[in-house]
Amino acid sequence: MQQLSEQEIVRRNALDEMKKLGINPYPQAMYEVNAYAKDILEQFPKDNTLFQEVSMAGRMMSRRIMGAASFTELKDSTGRVQLYIKRDDVCPGEDKTMYNTVFKRLLDIGDFIGIKGFVFTTQMGEITVHVTELTVLSKSLRPLPVVKEKDGQVYDAFTDPDQRYRQRYVDLVVNDPVRKIFEMRARVLRSMREFLNEKGYLEVETPILQSIPGGAAARPFITHHNALDIPLYLRIANELYLKRLIVGGYEGVYEFAKDFRNEGMDRYHNPEFTQMEMYVAYKDYFWMMETTEQMLEKIANDLHGTTKVQVGDNVIDFAAPYKRISILDAIKEKTGIDVSGMNEAELHATCQKLGIETDPSMGKGKLIDEIFGEKCEHTFIQPTFITDYPVEMSPLCKRHRENPELTERFELMVNGKELANAYTELNDPIDQRERFEEQVKLAEKGDDEAMYIDYDFLRALEYGMPPTSGMGIGIDRLTMFMTNQASIQEVILFPQMRPEIQAKVVSSSDFMVLGMPEHWASLMPEAGVAKPEDLAEIKPTVIQQTLNGLRKKKKLDVPAVQMEEIQSWIEKLK
RNA sequence: CUCUCCGUAGCUCAGUUGGCAGAGCAGCUGACUCUUAAUCAGCGGGUCGAAGGUUCGAGCCCUUCCGGGGAGACCA
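Residues numbered from 1 in each chain as written. Chains lettered and ligands numbered in written order. Predicted model: local features only at pLDDT ≥ 70, side-chain atom pairs only at ≥ 80, totals over all residues. Heavy atoms only, no water.

A. Expanded view of the overall build of chain A. Assigned secondary structure in chain A consists of 19 helices and 20 strands. In chain A, of all internal contacts separated by at least 6 residues, the share reaching a separation of at least 24 is 63%. (Helix = DSSP H or I, 4+ residues; strand = E, 2+ residues; numbered from the N terminus. Contact = heavy atoms within 4.5 Å.)

B. Fine view of the sheet that holds strand S3 (residues 79-86). Reading around the circumference, S1-S2-S3-S5-S4 is the order of the 5 strands in this closed barrel, with mixed pairing throughout. Strand after strand, the sheet turns through a mean of 50° between neighbouring axes, direction not considered. Relative to strand S1 (residues 54-66), helix H4 (residues 97-106) is tilted by about 85°, and along the sheet it contacts S1, strand S2 (69-76), S3 and strand S5 (127-138). (Pairing = 2+ DSSP bridges. Axes fitted to C-alpha atoms, helices over the stretch in contact; angles between N-to-C directions.)

C. Up close: the environment of Leu-234. With respect to the element layout, Leu-234 can be found in strand S11 (residues 230-234). For the pair Leu-234 and Thr-135, spaced 99 residues apart in the sequence, the C-alpha separation amounts to 47 Å. Discounting chain neighbours no more than four positions away, the residues touching Leu-234 are Ile-208, Leu-209, Pro-220, Phe-221, Thr-223 and Phe-260.

D. Examining the packing of aromatic side chains more closely. Applying the stated criterion across every chain yields a total of 10 aromatic pairs. Among the aromatic residues, ring-to-ring pairing joins Phe-71, Tyr-84, Phe-118 and Phe-120 into one connected group. Its guanidinium or amino end placed over the ring of Phe-380, Lys-334 lies 5.1 Å from that ring's centre, counting from NZ or CZ. A cation over a ring is seen here: Lys-417 above Tyr-268, with NZ or CZ 4.1 Å from the ring centre. (Phe/Tyr/Trp six-rings, centres within 6.5 Å; stacked < 30°, edge-to-face > 60°. Lys NZ or Arg CZ within 6 Å of the ring centre and 35° of its normal.)

E. Looking closely at helix H15 (residues 475-483). With respect to burial, H15 is a largely interior element, 9 of its 9 residues being buried. Residues of H15 that are buried: Ile-475, Asp-476, Arg-477, Leu-478, Thr-479, Met-480, Phe-481, Met-482 and Thr-483. Backbone geometry just downstream of H15 places Asn-484 in the positive-phi region, at approximately 55°. (Buried < 20%, exposed > 50% of the residue type's maximum accessible area, 1.4 Å probe, protein only.)

F. Region of the structure containing the pattern of salt bridges. Applying the stated criterion across every chain, the model contains 37 salt bridges. In this structure, Asp-454 and Arg-244 form a salt bridge, with 3.1 Å as the shortest nitrogen-oxygen distance. One end of the pair, Asp-454, is in the loop between helix H13 (429-445) and helix H14 (455-463); the other, Arg-244, is in helix H8 (residues 239-247), and 210 residues separate them in sequence. Classification of Asp-454 as buried rests on a relative accessible area of 5%. Residue Arg-244 is classed as buried on the basis of its relative accessible area, which comes to 16%. A network of salt bridges, in which partner residues are shared, links Glu-73, Lys-75, Arg-80 and Asp-176. (Salt bridge = Lys/Arg side-chain N within 4 Å of Asp/Glu carboxyl O.)

G. Highlighting unusual backbone geometry. Cis geometry marks the peptide bond from Ala-320 to Pro-321, where omega comes out at 0°. Secondary-structure assignment places Pro-321 in the loop between strand S15 (314-317) and strand S16 (323-326). In this model, Asp-229 sits at a positive phi of 55°, which is unusual for a non-glycine residue.

H. Spotlight on the pairing of S11. Of the strand pairs in this sheet, strand S9 (residues 209-210) and S11 are connected by 2 bridges, and their pairing is antiparallel. Counted as the bridge partner of Leu-209 is Leu-234 from S11. Two strands pair when backbone bridges link them, and strand S10 (residues 222-225) and S11 are joined in this way by 4 bridges, in the antiparallel orientation. If you follow Thr-223 over to S11, its bridge partner there is Leu-232. Linking S10 to S11, which pair antiparallel, is a turn of 4 residues; within it Asp-229 sits at a positive phi near 55°.

I. How the structure looks around the state of the cysteines. Summed over all chains, the structure comprises 0 disulfides. Take Cys-376: it sits in no disulfide, and the sulfur closest to it among the cysteines is that of Cys-351, at 11 Å. You can see Cys-397 has no disulfide; the closest cysteine sulfur is in Cys-376, sitting 19 Å from it. (Disulfide = S-S within 2.5 Å.)

Structure, rendered in structure tokens:
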């Protein structure tokens, strides 16, 4: 049992008192709700005949008591509204317990209550619910952080990121802007889904547990299936499964997929993250660029009513069309170096010249990627399609129709970060097999992100896949842009955290195993003995004096502790 | 993994040169029938992240560890 703070004890006592008064602090029955804070605040000023018989429920978030009348704030799922509670209205008879005892003393900030009443406007002009009936719906035993606000100025905000992420429930209760972010995230998903459904594509679900983690270059999480006695991997991408579905005859498929990558964590990366991948038959990457920019334009409009979105210090304009530039031109433009046609040795030398670290496992593709990542990526603030990546770094992508050294691939850069990645998909099974084999050679050179060969996927391609274009877009990053958040942890409800270590709490039973009776064991913390081992550190006479002193002070009805007993506890310890 | 900053009451934060642990809010007791960061009077509340060290004396100095933020490294 954790040591309780003073305020937690007060709340537990209040809970007991309520029960004694015959009030169930956790009632079973549903509570009728027919009005919400947001609707009242919006509609009542226009028509003050509305809301004359409301029934509402929520948390009590503040309390201003003035004797026989009080104001409190009720927070429901839509917002906050002030309540006016008058003693003789909630307690019309002789018995004023409900107001004097229950409301004023036994209820606390954070408790859920249900109220019935009517809406009016106070002398100070605030829309308020005049309460005629009060019901306890759920007692809160822990004090919430009390965040106050006046004129948009927030006082004593709950800001510690550690506590906010670990106890997101508290964050959501007291920090309204945080709730908004996750509502916006839901709207991003809804808007994107609408866009895709409108086009008639099929939303599908594909395996998260995969025996071959394919479709991307990343290190997977490994788990184990007991019945099959085989390793399984948490998916790093769903690409290969979605393409199998195109082989199967669907014209367009998409999935909002949780992917898992066993790599570093920082402001932009969480081990599990969400990606939307889509694949459409008979299309190429030019079509996909148009589709992508239309989709993002719609999402920005749906969320903000404009295509211009504030992201940090920049205003990003998601209005289509977006600038397009090939990766080699981008490098030429930013560094003045033309890397096209360079072999591996020349690229290593170029990296050296640019001050970019390399290692021998890097092939041509990876080297070009390094140069782009180091010198170019961060410079693309407005949405820009970077196109035509070298074939080595795109093993699932079709070769460029004009240059077989390149592929028909684009990445969409926004605010200096990759947001989306798309291909004209490789559907030549023989070429695909060779590309996988190249990956195996890279793996042998030491690239631990190189791809595995998925033979079933090759088999599917051999049955024939129509020309197809596919695209993946990071939902977390998109949400960061759309909500102007600088950290991925702010757009994931429960970001991955190091497990919270519970400080080892020593209880009476840890002392009782030494043969100590409970009445002494429970006094140990007070006697200055934090843990059993400490007994050996303190002189037995001191222990005896302290315990018997406490016995006298607390008027305990137990025999005084004898030296022999203390000796036996210390003996037991060894 | 490296550097750096932070960890003090339920929350937000002070804490001097190393010398009796503080404030506001929250809580408790009381007053107050339209308040609004309500107000007024009074009161309580601490493993100063953990362990060790230096010292007559450590919230403060040193070491190690734990957790978090930021920057980098690695990495989509």
